[in-house]
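Here are the chains, one letter per residue:
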Amino acid sequence: MNLKIAVLAGDGIGPEIMEQGVAVLSAVAEKFGHNVSYKEALCGAHAIDEVGDPFPEETYRTCEEADAVLFASVGDPKFDNDPSAKVRPEQGLLAMRKKLGLFANIRPVTTFDCLVHKSPLKDEIVRGADFICIRELTGGMYFGKKQEPAVNADGVEDALDTNYYSRPEVERILKTGYQYARQRRKHLTVVDKANVLASSRLWRKVAQELAPQYPDVETDFMYVDNAAMRMIQDPKFFDVMVTENTFGDILTDEGSCITGSMGLLPSASTGSSTPVFEPIHGSWPQGKGLNIANPLAQILSVAMLFEYFGLKEEGALVRKAVDESLAQNVRTPEIQVEGGEKYGTKEVGEWIVNYIKEA
């Protein structure tokens, strides 16, 4: 297979973990006889510094012309600490999602037996948890009508975010959820706040109408506050969870933490154009250049990329290499066992590449 990959390393630890992700992708491609070409592009704070735009038009064209985007992270403290900043790195991420039509964010929440002790939850609660959060990515408050903080006619400072959804937006993400549920344990949980929010009542109405079209899938509904609590009390209850943009942003981060490290989980964003594969963590600027960032989420994003194109054997090899690196205690500091050998970002990536080559 021939694949054109747009590489968006971004900010903070992004370039370091991306280097390892690309190395793994190349090693697998070589082993299986695939031809992969790469084109790097600017995004995030790096792009603002270079051209004044967190998602330049040239980057958009690079992504649109690629078969897939391998993305790392955006974000920089100099923007986080400046509420008056007119342009922010995260705006580039939102622009990428909108321009590429990436309406579905797929986040697996998977536990690793050898790392269960790192979870804040008890072993018997978290061990074996394996579910997918599907977050609607281009609607809701993130993209609805906004009013920035300003003093109104009554002399009071106020602001506004509109949580807007249309039926087509809700239908397409729910159908994505059902498709994933059919491939797994056939259980779909729709998360909303229909007792309070009109937009959630639209979600529930559409889901109730769609459910009979998927009689092989058990459909249930859960308010977002209850879902957040249930994820902590009984994460093994869930198979596929689907929800709107803001709720999904919060719940997916909660889900990532129960596994023991945000550096372990990949994600995919799919829709009407080029799919994007990325780790779920942020740019962690404090770790930049220290060779301590965990590259496994970036590497597992490569596995998701292969699987998206039907290359299951290739994806399975990446996952096996990651599992074996953990089993052999080839780990970055935040997940290393006490007294274990010290490995950095680069060393973990090199170990996995060598495992793939020798497999």
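Residues numbered from 1 in each chain as written. Predicted model: local features only at pLDDT ≥ 70, side-chain atom pairs only at ≥ 80, totals over all residues. Heavy atoms only, no water.

J.: So what's going on with helix H1 (residues 14–32)? Which residues, and what values?
T.: Between its terminal C-alpha atoms H1 stretches 27 Å, which fits the 27 Å expected from 19 residues at 1.5 Å a residue. Here H1 has its buried residues at Gly14, Glu16, Ile17, Met18, Gln20, Gly21, Val22, Val24, Leu25, Ala27, Val28 and Ala29. Where H1 terminates, the next one or two residues include Gly33, which has phi positive at roughly 80°. (Helix = DSSP H or I, 4+ residues; strand = E, 2+ residues; numbered from the N terminus. Expected span 1.5 Å × (residues − 1). Buried < 20%, exposed > 50% of the residue type's maximum accessible area, 1.4 Å probe, protein only.)

J.: Break down the packing of aromatic side chains for me, citing the residues and quoting the values.
T.: For any two aromatic rings, the description comes down to two numbers: the centre-to-centre distance and the angle of the planes. Scanning the entire structure with this criterion turns up eight aromatic pairs. Ring centres 5.7 Å apart and planes at 45° place the aromatic pair Phe131 and Phe238 in the tilted group. Of this pair, Phe131 sits in strand E5 (residues 130–136) while Phe238 sits in the loop between helix H9 (224–233) and strand E10 (240–243), and the two are 107 residues apart along the sequence. Judged by relative accessible area, which is 0%, Phe238 ranks as buried. (Phe/Tyr/Trp six-rings, centres within 6.5 Å; stacked < 30°, edge-to-face > 60°.)

J.: Run through the packing of H1 against helix H11 (residues 296–308), naming residues and quoting values.
T.: At a minimum axis separation of 8 Å, H1 and H11 run at an interaxial angle of 40°. Taken together, the axis directions place H1 and H11 in an arrangement best described as oblique. For the pair H1 and H11, the sense of crossing is right-handed. Within the contact between the two elements, H1 uses Ile17, Met18, Gln20, Gly21, Val24, Leu25, Val28 and Ala29 and H11 uses Gln298, Ile299, Val302, Leu305 and Phe306. (Axes fitted to C-alpha atoms, helices over the stretch in contact; angles between N-to-C directions. Parallel < 35°, antiparallel > 145°, perpendicular 65-115°, else oblique. Left-handed = near helix turned anticlockwise from the far one by under 90°. Contact = heavy atoms within 4.5 Å.)

J.: Go over unusual backbone geometry, please, and point to the residues and values.
T.: Even without being glycine, Lys186 reaches a positive phi, approximately 60°. Looking at where Lys186 falls in the secondary structure, it is placed in the loop between helix H7 (167–183) and strand E8 (187–192). Taking relative accessible area as the criterion, Lys186 reaches 35% and is therefore assigned partly exposed. Of note in this structure, Asn291 is not a glycine but carries a positive phi near 60°.

J.: Quick rundown of the pairing of strand E4 (residues 104–110)? Include the residues and the values.
T.: Within a regular beta strand, the side chains point alternately toward one face of the sheet and then the other, so they alternate between its two faces. Within E4, six of the seven residues are buried, leaving the element largely enclosed by the surrounding structure. Bridging between E4 and E5 involves seven bridges; their strand directions are antiparallel. Pairing of Val109 across the sheet is with Phe131, part of E5. (Pairing = 2+ DSSP bridges.)

J.: Describe the side chain of Glu136, with residues and values.
T.: One can find Glu136 in strand E5. Among buried charged residues, Glu136 stands out as having no salt bridge; its nearest opposite-charge side chain is Arg172, 4.4 Å away. Within the local environment of Glu136, its side chain forms a polar contact with the backbone nitrogen of Thr138, the two atoms lying 3.1 Å apart. Apart from the residues lying within four places of it in its own chain, the contact partners of Glu136 are Phe103, Tyr165, Arg172, Ile173, Trp203, Thr243, Glu244 and Asn245. (Lys, Arg positive; Asp, Glu negative; His and termini not counted. Salt bridge = Lys/Arg side-chain N within 4 Å of Asp/Glu carboxyl O. Polar contact = N/O pair within 3.5 Å; in protein donor to acceptor, adjacent residues only side chain to side chain.)

J.: Go over the sheet that holds strand E12 (residues 276–279), please, and point to the residues and values.
T.: Ordered in space as E2-E1-E3-E12-E11-E4-E5-E10-E8-E9, the ten strands form an open sheet in which the pairing is mixed. Pairing within the sheet leaves two strands with one partner each, and these edge strands are strand E2 (35–40) and strand E9 (218–223). Mean inter-strand twist for the sheet, computed between neighbouring axes without regard to direction, equals 25°. Bridge count between E8 and E10: four bridges; the pairing is parallel. Bridge pairing links Val191 to Thr243 in E10. Strand contacts of helix H3 (residues 57–65): strand E1 (2–10), E2 and strand E3 (68–73), with the helix running at about 150° to E1, the strand carrying the most contacts. The strands touched by H7 are E4, E5, E8, E9 and E10; relative to E5, the strand with the most contacts, the crossing angle is about 165°.

J.: Describe the nonpolar core, with residues and values.
T.: Core analysis: the biggest nonpolar cluster contains 68 residues, and Ile5, Val24, Leu70, Leu174, Leu296 and Ile352 have the highest contact counts within it. Judged by nonpolar contacts, the second largest core, of 17 residues, contains Ala41, Cys43, Ala66 and Val74. (Core = buried A, V, L, I, M, F, W, Y, C linked by side-chain atoms within 4.5 Å.)

J.: Could you give an account of the environment of Cys114, naming the residues involved and the relevant values?
T.: By the secondary structure assignment, Cys114 is in the loop between E4 and helix H6 (123–126). The spacing of Cys114 and Lys4 is 110 residues in sequence and 35 Å in space, taken between C-alpha atoms. Aside from chain neighbours lying at most four places away, what touches Cys114 is Leu326 and Arg331.

J.: Go over the pattern of salt bridges with me, naming the residues and quoting the values.
T.: Under the criterion given, the structure shown has 17 salt bridges. Note that Asp225 is salt-bridged to Lys193, the shortest N-O span being 3.0 Å. Taken as a pair, Asp225 in helix H9 and Lys193 in the loop between E8 and helix H8 (198–210) lie far apart in primary sequence, 32 residues in all. Given a relative accessible area of 16%, Lys193 falls into the buried group.

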